[in-house]
Amino acid sequence: MISRRNASIAKCILHKVGNKFNSTKNAFSENEIHFDEASYDLMLPFLLRPFGSAVQSYRFNHHADISLNEINTYSSQIFTDDDAFIETSKHIVKHLFEQSNSAQIKTGDVLVVLFEGIEFNEITTNALGIFKIENKVNFFQTYLENNSYDVVVQKGISSKKVDKGCLILNQSDTEGRIILSADNNNYDAHYWTNHFLNIKYADDANSHTQQYIALCKDFSEDVLKTSYGNQEQNNFLAKTIDFFKDHETVNVETFKDEIFEEDKHKTLFDDYKKSFESEMDIVIRNQFDVAEAVVKKEKKKIKTEIKLDTNIQIKLDIDAPEASSEYLERGYDEEKKMHYYKVFFNAEG
């Protein structure tokens, strides 16, 4: 994650990107944006906000040679030569345009921004930001006409969140230049990260932890919920988070021994892990260090609720994985021909 405490915008330009699939064209600016104070004070946090809580980072990727990665090349040109900013920003938009290979890829505004004073891992550096605004919101604009005020509906950019964005730091480690990415309109999982940026997760504890938790979440949804119901799914997720909280290192065999009581569940998990790795084109390590920040973030995303078709919901505490099996029983009532849950408790809260 970054700190924007001392960050500033050194250069910023706005272009418009079309879609070659439906024959809409690009439109380019010839000059940088010169902000007034109010616009600047709103724009800076708007652009950097998505990366303040980012715990995972990426690195540039290419099947042949990393120097052939377009955005890697363009970002290096801007970091090396300030005078190349405007022309290189146009090349970035043209490259983005070339990735619009279907009608669902949206046109939009593209902001290319050079930041200074970005703090990452206690190092201050500059960074290149590329942001795509795909959705505009309606707002009322008031105006005075003939001594009376009236309103008109206009469309503009919401200041709440960017649709797509990346932050390329002018800082490298052994894997290459460090990149953060955000995609709030994830209608095509490959368009922004794989095709435009061509990036991959860094080979670190953050990535290993996130990938393994993603595997467990998908396994719980596709296998446990389908075959054994919500209670089994939620119990597994609670145990998974509990395991990550109690271990500094995850060993896959130890994980299976502690989480699964039956060997058939271990086999189901192994088989699903293989298909998950193949589908996601990744290899999950059999042992890795746990990233505590990732566990905390992923825990917030997990919903441990049982929603019933009788308009009743049972919410389970993810921090108490044993409670579900100890105090919640599932059964079937022959007289009513309905499933039921029996909940045991001492007192109402």
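Note that the structure is a prediction, hence the values are computed from the model and not measured.

(A) Summary view of the overall build of the protein chain. Counting secondary structure elements, the protein chain contains ten helices and 16 strands. Expressed as lengths along the three principal axes of its C-alpha atoms, the size of the protein chain is roughly 75 × 60 × 40 Å. Here the analysis covers contacts within the protein chain between residues at least 6 apart in sequence; of these, 65% occur between residues at least 24 apart. For the protein chain, the computed accessible surface area is about 19800 Å², with 46% contributed by carbon and sulfur atoms.

(B) Representation of helix α3 (residues 85–98) within the structure. Here α3 is 14 residues long and its end C-alpha atoms lie 20 Å apart, about the 20 Å a rise of 1.5 Å per residue gives. Taken together, the buried residues of α3 touch β2 (8–17), α2 (70–80), β4 (108–120), β5 (123–133) and α4 (191–197).

(C) Region of the structure containing the layout of surface pockets. Approximately 1500 Å³ is the volume attributed to the largest pocket. Considering the residues around the largest pocket, the lining is formed by 40 residues, among which Gln56, Tyr58, Thr193, Tyr201 and Gln210 are closest to the centre. Of all the secondary structure elements, the ones that give two or more residues to the lining of the largest pocket are β9 (176–183), α4, β10 (199–201), α5 (205–228), α8 (263–280) and α9 (292–301). Counting residues per element, the lining of the largest pocket draws most heavily on α5, at seven residues. Residue classes in the lining of the largest pocket are distributed as 17 nonpolar, twelve polar and eleven charged.

(D) Summary view of the pattern of salt bridges. The final tally for this structure, using the stated rule, is 23 salt bridges. Linking Glu134 and Lys132 is a salt bridge whose minimum nitrogen-to-oxygen distance equals 3.1 Å. As far as the burial class goes, Glu134 and Lys132 line up, both buried. Three or more residues are tied together by salt bridges with common partners; here these are Lys132, Glu134, Lys164 and Asp183.

(E) Broad picture of the state of the cysteines. Enumeration over the complete set of coordinates arrives at zero disulfides. In this structure Cys166 is a free cysteine whose sulfur lies 14 Å from that of Cys12, the closest cysteine sulfur available. Given a relative accessible area of 0%, Cys166 falls into the buried group.

(F) Representation of a negative patch on the surface within the structure. The grouping of Asp81, Asp82, Asp83 and Glu116 at the surface amounts to a negative patch. Tracing the sequence through the fold places Asp81 in the loop between α2 and α3. Taking the relative accessible area as the measure of exposure, Asp81 reaches 35% and is therefore partly exposed.

(G) Looking closely at the environment of Ser172. When you line up the elements, Ser172 lands in strand β8 (residues 164–173). For Ser172, a relative accessible area of 47% puts it in the partly exposed group. Along the chain, Ser172 and Arg59 lie 113 residues apart, while their C-alpha atoms are 9.1 Å from each other.

(H) A look at unusual backbone geometry. The residue Asn147 is not glycine, and still its phi comes out positive at about 65°. Position of Asn147 among the secondary structure elements: in the loop between β6 (137–145) and β7 (148–156). A positive phi angle, near 65°, is found at Asn311, a position not held by glycine. In this fold, Asn311 is placed in the loop between β13 (305–307) and β14 (313–315).

(I) Examining the pairing of β8 more closely. Among the ten residues that make up β8, seven are buried, leaving the element largely enclosed by the rest of the structure. For β5 and β8, the ladder comprises six bridges, and the chain directions are antiparallel. Looking at β8, one finds that Leu128 is bridged to Ile168. Both β8 and β9 contribute to a ladder of seven bridges, which runs antiparallel. What sits directly across from Gly165, in β9, is Ala182. In textbook terms, the turn of a hairpin is the stretch between consecutive antiparallel strands, and for β8 and β9 this stretch comprises two residues.

(J) Inspection of the packing of aromatic side chains at higher detail. Applying the stated rule across the entire model yields 20 aromatic pairs. Taking 6.3 Å as the distance between ring centres and 50° as the angle between the ring planes, the aromatic pair formed by Phe51 and Phe131 counts as tilted. Taken together, the positions of Phe51 in the loop between α1 (37–48) and β3 (58–60) and Phe131 in strand β5 put the pair 80 residues apart, joining distant regions of the chain. Phe131 matches Phe51 in its accessibility class, with the two residues each being buried. Between Tyr212 and Phe255, the aromatic rings sit 5.2 Å apart at their centres with planes inclined by 90°, giving edge-to-face as the arrangement. Of the two residues, Tyr212 is situated in helix α5 and Phe255 in helix α7 (residues 252–259); the sequence distance between them amounts to 43 residues. For the pair formed by Tyr212 and Phe255, the shared burial category is buried.

Conventions we followed
Residues numbered from 1 in each chain as written. Predicted model: local features only at pLDDT ≥ 70, side-chain atom pairs only at ≥ 80, totals over all residues. Heavy atoms only, no water. Helix = DSSP H or I, 4+ residues; strand = E, 2+ residues; numbered from the N terminus. Contact = heavy atoms within 4.5 Å. Areas by Shrake-Rupley, 256 points an atom, 1.4 Å probe, with all protein chains shown as cover. Expected span 1.5 Å × (residues − 1). 1 Å grid on protein atoms, 1.4 Å probe; cavity = no way out; pocket = protein on both sides within 12 Å on 5 of 7 lines; lining within 4 Å. Points joined across faces, edges and corners; volume = space filled by probe spheres on them. Nonpolar A, V, L, I, M, F, W, Y, C, P; charged D, E, K, R; others polar. Salt bridge = Lys/Arg side-chain N within 4 Å of Asp/Glu carboxyl O. Buried < 20%, exposed > 50% of the residue type's maximum accessible area, 1.4 Å probe, protein only. Disulfide = S-S within 2.5 Å. Patch = residues over 30% accessible without salt bridge, like charges linked within 9 Å, V, L, I, M, F, W, Y side chains within 5 Å. Lys, Arg positive; Asp, Glu negative; His and termini not counted. Charge placed at Lys NZ, Arg CZ, Asp CG, Glu CD. Pairing = 2+ DSSP bridges. Phe/Tyr/Trp six-rings, centres within 6.5 Å; stacked < 30°, edge-to-face > 60°.

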